[in-house]
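# Fold and geometry: a report
In case you want the letters, here they are:
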Amino acid sequence: MTGVDIIGELLLDHAPLIELIAAESIQSGALPEQVVLPALLVRLVSNVERQMLKRSGTVRTIDRVSVTVRADKYADQGEAIRLAVKACAGRTGSYAGATNVSVLTAGRGPDARGPGNSFEQAQDFRVSFDAPA
C-alpha cells in the first residue's frame, strides 16, 4: 500500500467529486490517451520510511502524493481541485489497508496548459500512515 492507494480511495469515496469526474477518469500512474475530461491523475512524488532500530510490526511512512486535474474548462479545473481537497485534507483513520492515516495538504501547483489544450493543475498531499513491516 502507498499514499497513492489511500488518496485514490478517498477520492473515489467522495460523492460530490464523482458527480463531476467519472470514477473511470481517476487513475494512478498515467492517464490514457483518450481519457474523458475532467480527469484526475494520482502519483507518488516522494516517500520516507522511518527506520526502526527494533523490529516492530509496522513501519511509519510519509508519502507526498500529487493529484493532477486535467479539464477542458477552467471552471472544472478549479472545482475539481476544490473537491479533491475536500475529499482528502484532514482525514484520519484507516484507509486502503493502512492504519493511523493522516492526510494534510502540501501545496498547490500553478495553472498550466495540458495535452489537447486542456487546463491542468496539481494539488499535493502529505500522507502519513503505518504499513505492515
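In what follows, the accompanying structure is described. (Residues numbered from 1 in each chain as written. Predicted model: local features only at pLDDT ≥ 70, side-chain atom pairs only at ≥ 80, totals over all residues. Heavy atoms only, no water.)

## Some thoughts on the packing of aromatic side chains
A full pass over the atoms with the stated rule returns one aromatic pair. On the numbers, 5.7 Å between centres and 65° between planes, the contact of Tyr74 with Phe119 is edge-to-face. Separated by 45 residues along the polypeptide, Tyr74 in helix 3 (residues 74-88) and Phe119 in strand 7 (residues 119-132) bring together distant segments of the chain. Its guanidinium or amino end placed over the ring of Phe119, Arg113 lies 4.2 Å from that ring's centre, counting from NZ or CZ. (Phe/Tyr/Trp six-rings, centres within 6.5 Å; stacked < 30°, edge-to-face > 60°. Helix = DSSP H or I, 4+ residues; strand = E, 2+ residues; numbered from the N terminus. Lys NZ or Arg CZ within 6 Å of the ring centre and 35° of its normal.)

## As for the nonpolar core
Counting 28 residues, the largest nonpolar core has Ile6, Ile7, Leu11 and Val103 as the members making the most contacts within it. By residue number, the principal contributor to this core is helix 3, which donates six residues. With residues near it in sequence (within four places) discarded, Ile7 still touches Val42, Val65, Val67, Cys88, Val103, Phe125 and Val127. (Core = buried A, V, L, I, M, F, W, Y, C linked by side-chain atoms within 4.5 Å. Buried < 20%, exposed > 50% of the residue type's maximum accessible area, 1.4 Å probe, protein only. Contact = heavy atoms within 4.5 Å.)

## So, the environment of Ile26
Mapping Ile26 onto the fold places it in strand 1 (residues 26-28). Considered as a pair, Ile26 and Val59 are 33 residues apart in the sequence and their alpha carbons are 28 Å apart. Those residues within four positions of Ile26 in sequence are excluded, and the remaining contacts are Leu11, Leu12, Leu17, Ile18, Ile21 and Leu40.

## Examining the packing of helix 1 (residues 3-12) against helix 3
At a minimum axis distance of 9 Å, the contact between helix 1 and helix 3 shows a crossing angle of 110°. Taken together, the axis directions place helix 1 and helix 3 in an arrangement best described as roughly perpendicular. Two secondary-structure elements touch here, helix 1 through Ile7, Leu10 and Leu11 and helix 3 through Ala84, Ala87 and Cys88. (Axes fitted to C-alpha atoms, helices over the stretch in contact; angles between N-to-C directions. Parallel < 35°, antiparallel > 145°, perpendicular 65-115°, else oblique.)

## Details of the environment of Pro132
With respect to the helices and strands, Pro132 occurs in strand 7. When the C-alpha atoms of Pro132 and Ser56 are compared, they prove to be 8.9 Å apart, with 76 residues separating the residues in sequence. Apart from the residues within four sequence positions on either side, Pro132 is in contact with Met1, Gly57 and Thr58.

## A few points about the pattern of salt bridges
Counting across every chain of the model gives four salt bridges. The partner of Arg60 in a salt bridge is Asp130, and the shortest N-O contact between them spans 3.1 Å. With Arg60 in strand 3 (residues 58-71) and Asp130 in strand 7, this residue pair connects regions lying 70 residues apart in the sequence. Residue Arg60 is classed as partly exposed on the basis of its relative accessible area, which comes to 23%. (Salt bridge = Lys/Arg side-chain N within 4 Å of Asp/Glu carboxyl O.)

## Side note on the environment of Gly8
Along the chain, the position of Gly8 falls in helix 1. A relative accessible area of 15% places Gly8 in the buried class. Spatially, the C-alpha atoms of Gly8 and Arg82 are 16 Å apart, while their sequence positions differ by 74 residues.

## Digging into the pairing of strand 7
Of all 14 residues making up strand 7, eleven are buried, and the element is well covered by its neighbours. Both strand 3 and strand 7 contribute to a ladder of 14 bridges, which runs antiparallel. Across the sheet, Thr61 pairs through a bridge with Phe129, a residue of strand 7. In terms of strand pairing, strand 5 (residues 98-108) meets strand 7 through six bridges, oriented antiparallel. Pairing of Thr99 across the sheet is with Asp130, part of strand 7. Two strands pair when backbone bridges link them, and strand 6 (residues 112-113) and strand 7 are joined in this way by two bridges, in the antiparallel orientation. Across the sheet, the residue bridging to Ala112 is Glu120, located in strand 7. Linking strand 6 to strand 7, which pair antiparallel, is a turn of five residues; within it Gly116 sits at a positive phi near 65°. (Pairing = 2+ DSSP bridges.)

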